[in-house]
Amino acid sequence: MKFTDFGFDQRLMDGIDASGYENATPVQEQVIPLIMAGKDVIASAQTGTGKTAAFLLPLINKIITDPHEDHTNNALVIVPTRELAIQIAQHMEGLSYFTSVSSIAVYGGGDGNAFVQEKKALSQGADVVICTPGKMMAHIKMGYVKLAGLKYLVLDEADRMLDMGFYDDIMFIIDNLPKKRQNLLFSATMPFKIREMARKILHQPEEINISISKPNEKIIQSAFIVYDNQKIPLVKHLLGKTEFKSVLIFCSSKINVKQLTRDLKRAKFLADEIHSDLDQEKREDVLLQFKSGRLPILVATDILSRGIDIDNIELVINYDVPHDGEDYVHRIGRTARAAADGTAYTFVSVKEQRKFLGIEKLLGKPVPKAQMPEELGETPTYNVLQSNNHTGNKRFKKPRRFYNKSNK
């Protein structure tokens, strides 16, 4: 289906053409007509399927063609991270370039000037506000945010927001919105807690499901079974063996991000890091360098596992096994986007084997095991019933699961 088939206003079509869009993705093809018809929507889609444009395009079209109040905020898009807020705002700017639709990204970590700009926009009214929950709640509590005329609410990456503990913030915001509005909820997964929240927020929603919880078939997946002290040498070997233009490496902790980045720089690799210890200006600068191709290797925590819109990432390395199967799908989904192919390597230490088995069960098949280079030494066998694979005399204890927000 082509974008010309949706009946968009010509001003929006000019922005679509300028952005290089021609054919709609499956999620866009199913979701856009429902939003245009005024329906509430709950949609789940595999990462990289184009869901951002699926809600931005009909929102922009409705704002420029339907009557609405002046000097109020017309649409609210709530997202889990500042990186995603910035990215959607940039996407919005491109698509709405030939229209008069105004937008602003509202997120934490900015300076005093950013706060003044946000306050001015929220008090005078912007057509589309893209925000993180905590920062938006803070503005609302100060009493100047104009919400009486708001007509559209979008919750993007809803499952991620609940995982990050934003449920109360989201419900506070919603309690301050007009009862009559169009609601759109997007989530990679649909666990019970998402459906429970949807029942409280959405009115007779249409439900769309597009290939959730499975990686793109174009991704070549491999796993290396390793000891912990082999992980950094293996990263260096893989990066030294093949010259990749764009590599994203995920670690499960800031400590590992910092250590790996430091070792890569010492080995003369052009690499940098992103994690929550960096100030916002530094994080934006590093991400911009990576997007532009000036920085070929980026080491990050799960802060970038969802929502980052870069189509040319050739290799994703899971330096640590992700917490669960959904995180695995989102991490490796950063590669093989659009029409490109991609590769994903996962390093599985002895203590991570049981967790990785759970991921393989979600995928419905084992991930091929790669051969460790001989010069890096012997490796453990992949045997999830044993905690010490070279002796084979102890069973794994079921690992305790903790979620540490400060470690993201």
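Structural data are supplied above this passage.
Residue indices begin from 1 for each chain and proceed along its sequence in written order. In keeping with the model being predicted, local features are shown solely for residues with a pLDDT of at least 70 and side-chain atom pairs are shown and tallied solely at 80 or more, while totals for entire chains, interfaces and linings include all residues. To get the side-chain values, take all heavy atoms of the structure and skip hydrogens and water.

Even after reading the chapter, I still don't get the pattern of salt bridges, so can you show me in this structure?
When charged atoms on two side chains of opposite charge get close, those side chains can pair. A pairing counts as a salt bridge when a side-chain nitrogen of Lys or Arg comes within 4 Å of a carboxyl oxygen of Asp or Glu. If you walk through the whole model with that rule in mind, you get 17 salt bridges. The residue aspartate 277 makes a salt bridge to lysine 254 at a minimum N-O spacing of 3.1 Å. Of this pair, aspartate 277 sits in the loop between strand S10 (271–274) and helix H12 (280–292) while lysine 254 sits in helix H11 (residues 254–266), and the two are 23 residues apart along the sequence. Three exposure classes are used, based on accessible area relative to the maximum for each residue type with a 1.4 Å probe and protein chains only: buried under 20%, partly exposed in between, and exposed over 50%. For lysine 254, a relative accessible area of 13% translates into the label buried. Several salt bridges converge on common partners, so that one network encompasses Lys51, Asp156 and Glu157. Numbering of helices and strands starts at the N terminus; helices are DSSP runs of H or I of at least 4 residues and strands are runs of E of at least 2.

Just to check I follow, could you spell out the sheet that holds strand S12 (residues 315–318) for this structure?
Backbone-to-backbone hydrogen bonds join strands into a sheet, with any given pair of strands oriented parallel or antiparallel. In this description, strands pair whenever DSSP reports at least two bridges between them. One open sheet accounts for six strands, arranged S8-S13-S12-S9-S11-S10; its pairing is parallel. Each having just a single partner strand, strand S8 (219–225) and S10 make up the two edges of the open sheet. Looking at each pair of strands side by side, their axes are set apart by 20 degrees on average, direction ignored. As judged from the four bridges shared by S10 and strand S11 (residues 297–300), these two strands associate in the parallel manner. In the strand pairing of S11, alanine 271 is matched with isoleucine 297. By definition in these notes, contact holds between two residues if any of their heavy atoms fall within 4.5 Å. Only the contacting stretch of a helix is used when fitting its axis, a line to C-alpha atoms as for every element, and angles between N-to-C directions run 0 to 180 degrees. Contacting S8, strand S9 (247–250), S11, S12 and strand S13 (342–348), helix H10 (residues 231–241) runs over the sheet at an angle of about 160 degrees to S13. The strands that H11 touches are S9, S10 and S11; relative to S10, the one it contacts most, it runs at about 165 degrees.

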